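Tertiary structure, described
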Amino acid sequence: MQQVHVRKDSIGEAELVECEQGALPGNAVRLEVESFSVTANNVTYAAVGDGFGYWNFFPAPDGKGIVPMWGHARVIESNHPDIAVGERIYGYLPMASHLDVVPGKVTAGGFTDMTEHRQPMSPIYNQYSRLAADPEHDPAREGERMIFGPLFKTGFLIEYFLRSEHWFGATQLILTSASSKTAMALASVVRHRSPDVKRIGLTSAGNVRFVEESGLYDQVLSYDAVDGIVAEPSVSVDFAGNPSLLRVIHQHLVSVLKYSCLVGVTHIEERGEGLDGIPDPTPTLFFAPDHAVALFKTVGPEEAGRQIAQSWRAFLADVGDRVKIERQAGLAAAQDAFVQMVGGEVDPARGIVIEP
């Protein structure tokens, strides 16, 4: 099989390697990876990999890591009585051609990978949907699900959290990296579920037009125009991971910034600068899996699923065809796409799907 190995201490460096698969253990299932998306979300997994255990899902040699992806796979070998060869699944996959899993908690709709080394991590990432009985699966929208699905759910959970806190008394939301797919998802959910909250998108000068044309924001500003934000009670959600930008936002809104939320990292080169010296409120990291567990406990899985599905349909309608899905063949293409994503070289209007 093939895998893409990324240097943990320099994630812009990656190599395509050949590995032996070995015999399939008892009760295990071998998956052949059919497709996955490459987005800024995957860059975040790599950038904070050691801190949040993202490197632990798919082990690699010392100093190297395999970046997790969201996508589709097909069962090509099975030692499990309830999982048949030929079945298709959706879930957390490696940037690789194959993956062995040990299905447990098997239902008609899915299963959990019980492989020992994955058990300490959040259970959200160990769940796989069986497409034959998956209500979210639409064969015509598989590309959109891979590109937007995990990012959309993060946006949904951020809005749910902020609304449950009554927006901390804020009347406007400031989103950095407004062209990113997670920011667009959050803007869409806020538009429909918290319409009284003004949505302000910050982005690079080259992306202002794209963000404006999305129609998801009430105001769009370039990063050098933060002083154009009206000083009224605000919440900021930072997707960029650029401490100097976050400092400018805090300083400009110092008396009216009610909450500062950190989500993801799209500007990797700025991460090392740190958050020292930023005025209150203290930026707080948002870890989506914890909030997903809280949502399901609060409203129950059925109601949570209904709310997410409703917002997902509204988001797809909002986005329309603004993001063009590009399908690329081979893991070498995945390696190239990931390195370009780390370097910030991918047009936000492109949605990259890899077919190994």
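Each remark here, short or long, concerns the structure printed above.
Think of each chain on its own: its residues are numbered from 1, step by step along the sequence as written. Reporting of local features is limited, given that this is a predicted model, to residues whose pLDDT is at least 70; pairs of side-chain atoms are given and counted only at 80 or more, and all residues count toward the totals for whole chains, interfaces and linings. The side-chain quantities take in all heavy atoms of the structure and omit both hydrogens and water.

1. Description of the pattern of salt bridges
Salt bridges, as used here, are contacts in which a Lys or Arg side-chain nitrogen is within 4 Å of a carboxyl oxygen on Asp or Glu. If you walk through the whole model with that rule in mind, you get 20 salt bridges. One salt bridge connects Asp113 with Arg118, and the closest N-O pair in it is separated by 3.0 Å. This pair shows no difference in class: Asp113 is buried, exactly as Arg118 is. Within the structure, one salt-bridge network assembled from shared partners comprises Glu34, Arg74, Arg88 and Glu142. Relative accessibility under 20% of the residue-type maximum defines a buried residue, over 50% an exposed one, and the middle range a partly exposed one, all with a 1.4 Å probe and only protein chains included.

2. Considering the packing of aromatic side chains
In this analysis, rings of Phe, Tyr and Trp, with Trp reduced to its six-membered ring, are considered paired at centre separations within 6.5 Å, and the interplanar angle assigns stacked below 30 degrees, edge-to-face beyond 60, and tilted for intermediate values. The full count for this structure, using the stated rule, is 22 aromatic pairs. Residues Phe58 and Tyr92 carry aromatic rings whose centres are separated by 6.1 Å and whose planes lie at 45 degrees to one another, so their mutual orientation is tilted. With Phe58 in the loop between α2 (49–52) and β4 (64–65) and Tyr92 in strand β6 (residues 88–94), the pair connects residues that are 34 residues apart, well separated along the chain. In terms of burial, Phe58 and Tyr92 fall into one category: buried. The rings of Tyr45, Tyr54, Phe57, Phe58, Trp70, Tyr90, Tyr92 and Tyr125 are connected pair by pair, giving a single aromatic cluster. Secondary structure elements are taken from DSSP: a helix is a run of H or I of four residues or more, a strand is a run of E of two residues or more, and numbering for both begins at the N terminus.

3. Brief notes about the layout of surface pockets
Of the voids in this model, the second largest pocket is the one considered here, and its volume is about 360 Å³. Contributing to the lining of the second largest pocket are 21 residues, with Met1, Pro59, Leu99, Asp100 and His117 lying nearest its centre. The element that contributes the greatest number of residues to the lining of the second largest pocket is strand β7 (residues 98–101), accounting for 4 residues. Classes in brief: Ala, Val, Leu, Ile, Met, Phe, Trp, Tyr, Cys and Pro nonpolar; Asp, Glu, Lys and Arg charged; the others, Gly included, polar. Split by residue class, the lining of the second largest pocket holds 12 nonpolar, 5 polar and 4 charged. Note on definitions: the grid is 1 Å and covers protein atoms alone; a cavity is a set of points where a 1.4 Å probe fits but cannot get out; a pocket is an open set with protein on both sides within 12 Å along at least five of seven lines; lining residues have an atom within 4 Å of a point. Grid points are joined across faces, edges and corners, and a volume is the space filled by probe spheres set on the points.

4. Quick notes on the packing of helix α1 (residues 40–47) against helix α9 (residues 331–342)
Relative to each other, α1 and α9 sit at 80 degrees, their axes nearing to 9 Å. Considered as vectors, α1 and α9 are oriented roughly perpendicular to each other. Every residue of α9 that contacts α1 at Ala40, Asn42, Val43 and Ala46 is listed here: Phe338, Met341 and Val342. The residue makeup of the contact of α1 with α9, split by class, is 6 nonpolar, 1 polar and no charged. Interaxial angle, 0 to 180 degrees, is taken between N-to-C directions of lines fitted to C-alpha atoms, where a helix line uses only the stretch in contact. Oblique is the label for every angle not falling under 35 degrees (roughly parallel), over 145 degrees (roughly antiparallel), or within 65 to 115 degrees (roughly perpendicular). A contact between two residues is defined here by any heavy atoms of the two lying within 4.5 Å.

5. Observations concerning the nonpolar core
Take the buried residues of types Ala, Val, Leu, Ile, Met, Phe, Trp, Tyr and Cys, join any two whose side-chain atoms come within 4.5 Å, and each joined set is a nonpolar core. Counting residues in each nonpolar core, the largest one holds 94 residues, and the members touching the most others are Met95, Tyr217 and Val237. Element by element, the count of residues in this core is highest for helix α3 (residues 142–164), at 10 residues. Tyr217 has contacts with Leu175, Ala178, Ala183, Met184, Ala187, Arg199, Ile200, Gly201 and Val211, leaving out every residue within four places of it along the chain. The next biggest cluster of nonpolar side chains, apart from the first, holds 11 residues, and it includes Leu245, Ile249, Leu253 and Val256.

6. Quick notes on helix α6 (residues 243–252)
Taken as a whole, α6 has its buried residues at Pro243, Leu245, Leu246, Arg247, Ile249 and His250. Of the surrounding secondary structure, the elements contacted by the buried residues of α6 are β12 (198–203), β14 (234–238) and β15 (257–262).

7. Points about the pairing of strand β11 (residues 172–175)
Residues Gln172 and Ile174 point to one face of β11 and Leu173 and Leu175 to the other, with burial holding for every one of them. For two strands to pair, DSSP has to find at least two bridges joining them. Summarising the sheet, β11 and β12 pair through 4 bridges and their orientation is parallel. Each bridged residue has a counterpart across the sheet, and for Ile174 the counterpart in β12 is Ile200. If the strands point away from the viewer and the path from the first strand over the helix to the second runs clockwise, then the crossover is right-handed. The parallel pair β11 and β12 is bridged by helix α4 (residues 181–193), and the resulting crossover is right-handed.

8. Quick notes on empty space enclosed by the protein
Applying the stated criterion across every chain yields a total of 1 cavity of 30 Å³ or more. Taken together, Ser37, Thr39, Asn41, Asn42, Met69, Trp70, Met146, Ile147, Pro150 and Leu151 make up the full set of residues lining the largest cavity. Residue assignment for the lining of the largest cavity shows that the elements contributing at least two residues are α1, β5 (68–78) and α3. Tallying contributions element by element places α3 first for the lining of the largest cavity, with 4 residues. Of the residues assigned to the lining of the largest cavity, the class counts are 6 nonpolar, 4 polar and no charged.

9. Let's talk about the environment of Gly26
Residue placement: Gly26 occurs in the loop between β2 (10–18) and β3 (29–38). In this structure, the C-alpha to C-alpha distance between Gly26 and Glu136, residues 110 residues apart in sequence, is 30 Å.

10. A few points about the sheet that holds β12
Pairing between sheet strands relies on hydrogen bonds along the backbone, with the strands arranged either parallel or antiparallel. Strand order in the open sheet formed by 6 strands is β13-β12-β11-β14-β15-β16, and the pairing between neighbours is parallel. The open sheet terminates on both sides in strands that have one partner only, identified here as β13 (219–222) and β16 (284–285). Where β11 and β14 come together, 4 bridges link them in parallel fashion. Bridge pairing in β14 places Leu173 opposite Val235. The strands that α6 touches are β12, β14 and β15; relative to β15, the one it contacts most, it runs at about 170 degrees.

11. Quick word on the sheet that holds strand β1 (residues 2–7)
Here we have 3 strands laid out as an open sheet, ordered β2-β1-β4, and antiparallel in their pairing. Unpaired on one side and paired on the other, β2 and β4 mark the two borders of the sheet. Sheet topology places β1 next to β2; 6 bridges connect them, and they run antiparallel. Within β2, the position partnered with Gln2 by the bridge is Glu18. Relative to β2, α9 is tilted by about 175 degrees, and along the sheet it contacts β1 and β2.

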